[in-house]
Every structure is written in C-alpha cells, then in structure tokens.
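Summary of the model geometry
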Amino acid sequence: YEKDVTLAMAKVLAKRLRQQLGVKVLLTRSDDRYLKLRERTEYANQVGADLFISLHANATANGKASGIETYFLNLSKNNQAAEVAARENGTSLQEVGNLEAILFDLMANAKINESSRLAAEVQQSLVSGLRSHYSRVKDHGVKQGPFHVLLGATMPSVLIEAGFISNSRDEKRLASANYQKHVASAIVAGVESYSSTIGQVAKR
C-alpha cells in the first residue's frame, strides 16, 4: 500500500535530514493513521515549518508508466497533472477545475517561486541519485498542479511522486528498504542544495 511505503520512506528521510543537515524534522504522522489533506499543511503552519515535503507513490491505469516527478502548487492546465491532482485529492477532474477559483486567493501566500526552486533541486537530485543505482529511471520533471495537500502552506512546499506503485518494477523498488534509502538521500541532497542558496532552513 502507498500509505505503508510512504511512511517508511518518510521515517528514513526524517532521520537523514536530522543527521546530515542538523535540522528539526516533524512528521505529520508517525504511524498508520489518516490525516485529512488540509490537516497536513495546517500542522506545518502551526509549528512554523520552513519547508513542507509531501511524499507519495503515483498510480495510473497504464501499468507501463513509471518514473519520478515533483510538483509544486499552481494553477495547471496540464491534463496529466490534473489527473494526478484528482487522484491525490480524492476528487474528480471537474472538482480539480473548481479549485482554480480558490487558488487565486491562496497564491500570494503559497511561496510559489521558492516552491518551484525547491522542486527543481529535489527532482534533479532524485533523478541523478537514483540513476546511479537503478536502470530505467524515467524523469518526468517538475510540474505544477492544484493539490489539496499543498493548499494553504505558508512555506515552500512540494509533492514528490517517488515512483509508480501501479508499475511492477517501480512497485518492487518502492517496497525495498534500499530504494527508500536512496530516495531519502536524494531528497536530502536536494534540500541541502536549495537551503544553501537561500539559508532558509532553521538550524537546531
């Protein structure tokens, strides 16, 4: 299940961020519980987080689709991005369209430019880091989308799709502790690259 894969990955990521960057890391969940999408950014806002990272495993009816992509919040006319947003939001494509009016009111506080830079650093690091260990790692790049889980965040925030759980090869990798460690290390490298340019991540 995606919930199990992403929780395991998040725990590895949290540990490595603490060890390698010396930053304080708070998880929205540390066990098998469901948090409503809006509760996740509400928590990040409440604790005054400097960055918000949402970890996911992608899925599609096309079992051949594989690879990695990183999103940040924005209005999106891209049909593929809208489909991913609809799945992650648990809504229909029509409802994703209805989000656009809400987004206009939230854009000023969403730190879009910073989120875009963070997404670019993380995606580049993920692709290069994973390709050094695995073959056929497809780079879907950085994309923009209307994701509920990123709505309302007052800090730079990204949504990472670490592979397609609907693809047999990606599924085996996602369930592997080694792959989870490589993903975590790559994200840490991306965060470090991002934070070194703006000095925004608070140190302990």
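Since the structure is predicted, the reported quantities are computational estimates derived from the model, not experimental observations.

**Side note on the sheet that holds strand S1 (residues 52-58)**
- The strand order across the open sheet formed by four strands is S1-S4-S2-S3, and the pairing between neighbours is mixed. Two strands bound the open sheet, and with one partner strand each, they are S1 and strand S3 (139-145). Pairs of neighbouring strands in the sheet enclose a mean axial angle of 20 degrees, with direction left out of account.
- Alignment of strand S2 (residues 68-73) against S3, held across five bridges, turns out to be parallel. Residue pairing across strands places Tyr-71 opposite Lys-143, the latter belonging to S3.
- Across the sheet, helix H5 (residues 112-131) touches S2, S3 and strand S4 (157-164), and the angle it forms with S2 is around 170 degrees.

**A few points about the pairing of S4**
- Of all eight residues in S4, eight are buried, a share of seventy percent or more.
- Bridge count between S1 and S4: six bridges; the pairing is parallel. Residue Asn-58 lies in a different strand from S4, and its bridge partner there is Phe-164.
- One ladder, built from three bridges, connects S2 with S4; its direction is antiparallel.

**A short note on the environment of Lys-24**
- Mapped onto the fold, Lys-24 is located in the loop between helix H1 (2-21) and helix H2 (37-46).
- Residue class for Lys-24 comes out exposed when judged on its relative accessible area of 65%.
- Expressed as a C-alpha distance, the spacing of Lys-24 and Ala-49, which sit 25 residues apart in the sequence, is 9.2 Å.

**Overview of the confidence of the model for the chain**
- Of the residues in the chain, 83% reach a pLDDT of 70 or more, and the chain-wide mean stands at 87.
- The lowest-confidence element of the chain is helix H4 (residues 93-106), averaging 57 in pLDDT; the highest-confidence one is helix H6 (residues 168-174), averaging 98.

**A look at helix H7 (residues 177-198)**
- The terminal C-alpha atoms of H7, which comprises 22 residues, lie 32 Å apart, in line with the 32 Å expected from a rise of 1.5 Å per residue.
- Residues of H7 that are buried: Tyr-179, Gln-180, Val-183, Ala-184, Ala-186, Ile-187, Val-188, Gly-190, Val-191, Tyr-194 and Ser-195.
- Each element contacted by the buried residues of H7 is listed here: H1, S1, S2, H5, S4 and H6.
- The backbone nitrogen of Asn-178 has a side-chain oxygen 3.2 Å away, supplied by the residue at the start of H7, namely Ser-176.

**A few points about the environment of His-133**
- By secondary structure assignment, the location of His-133 is in the loop between H5 and S3.
- Sequence separation of His-133 and Asn-178 is 45 residues, and the distance between their C-alpha atoms is 9.9 Å.

**Overview of the pattern of salt bridges**
- Within this structure, the stated rule accounts for three salt bridges.
- With a closest N to O distance of 3.2 Å, Asp-32 and Lys-3 form a salt bridge. On the criterion of sequence distance, the pair formed by Asp-32 in the loop between H1 and H2 and Lys-3 in helix H1 is long-range, its members being 29 residues apart.

**Observations regarding the nonpolar core**
- Counting residues in hydrophobic clusters, the biggest one holds 48 residues, and the most contacted among them are Leu-17, Leu-126, Leu-130, Phe-147, Val-183 and Ile-187.
- Looking at this core element by element, the count peaks at eight residues for H7.
- Here Ile-187 is in contact with Leu-13, Ile-53, Leu-55, Val-122, Leu-126 and Ile-160, once residues within four sequence places are set aside.

**A few points about the packing of aromatic side chains**
- As enumerated under the stated definition, the model contains two aromatic pairs in all.
- Here Tyr-71 and Phe-147 contribute two aromatic rings whose centre-to-centre distance is 4.8 Å and whose plane-to-plane angle is 65 degrees, an arrangement assigned as edge-to-face. Of this pair, Tyr-71 sits in strand S2 while Phe-147 sits in the loop between S3 and S4, and the two are 76 residues apart along the sequence. Comparing Tyr-71 with Phe-147, the two get one shared label, buried.
- Between the aromatic rings of Tyr-134 and Tyr-179, the centroid separation amounts to 5.2 Å while the plane-to-plane angle is 70 degrees, which identifies the pairing as edge-to-face. Taken as a pair, Tyr-134 in the loop between H5 and S3 and Tyr-179 in helix H7 lie far apart in primary sequence, 45 residues in all.
- Assessed through its relative accessible area of 3%, Tyr-179 is described here as buried.
- It is Lys-3 that lies over the ring of Tyr-1; its NZ or CZ is 5.8 Å from the centre.

About the thresholds
Residues numbered from 1 in each chain as written. Predicted model: local features only at pLDDT ≥ 70, side-chain atom pairs only at ≥ 80, totals over all residues. Heavy atoms only, no water. Pairing = 2+ DSSP bridges. Helix = DSSP H or I, 4+ residues; strand = E, 2+ residues; numbered from the N terminus. Axes fitted to C-alpha atoms, helices over the stretch in contact; angles between N-to-C directions. Contact = heavy atoms within 4.5 Å. Buried < 20%, exposed > 50% of the residue type's maximum accessible area, 1.4 Å probe, protein only. pLDDT = per-residue confidence, 0-100. Expected span 1.5 Å × (residues − 1). Polar contact = N/O pair within 3.5 Å; in protein donor to acceptor, adjacent residues only side chain to side chain. Salt bridge = Lys/Arg side-chain N within 4 Å of Asp/Glu carboxyl O. Core = buried A, V, L, I, M, F, W, Y, C linked by side-chain atoms within 4.5 Å. Phe/Tyr/Trp six-rings, centres within 6.5 Å; stacked < 30°, edge-to-face > 60°. Lys NZ or Arg CZ within 6 Å of the ring centre and 35° of its normal.

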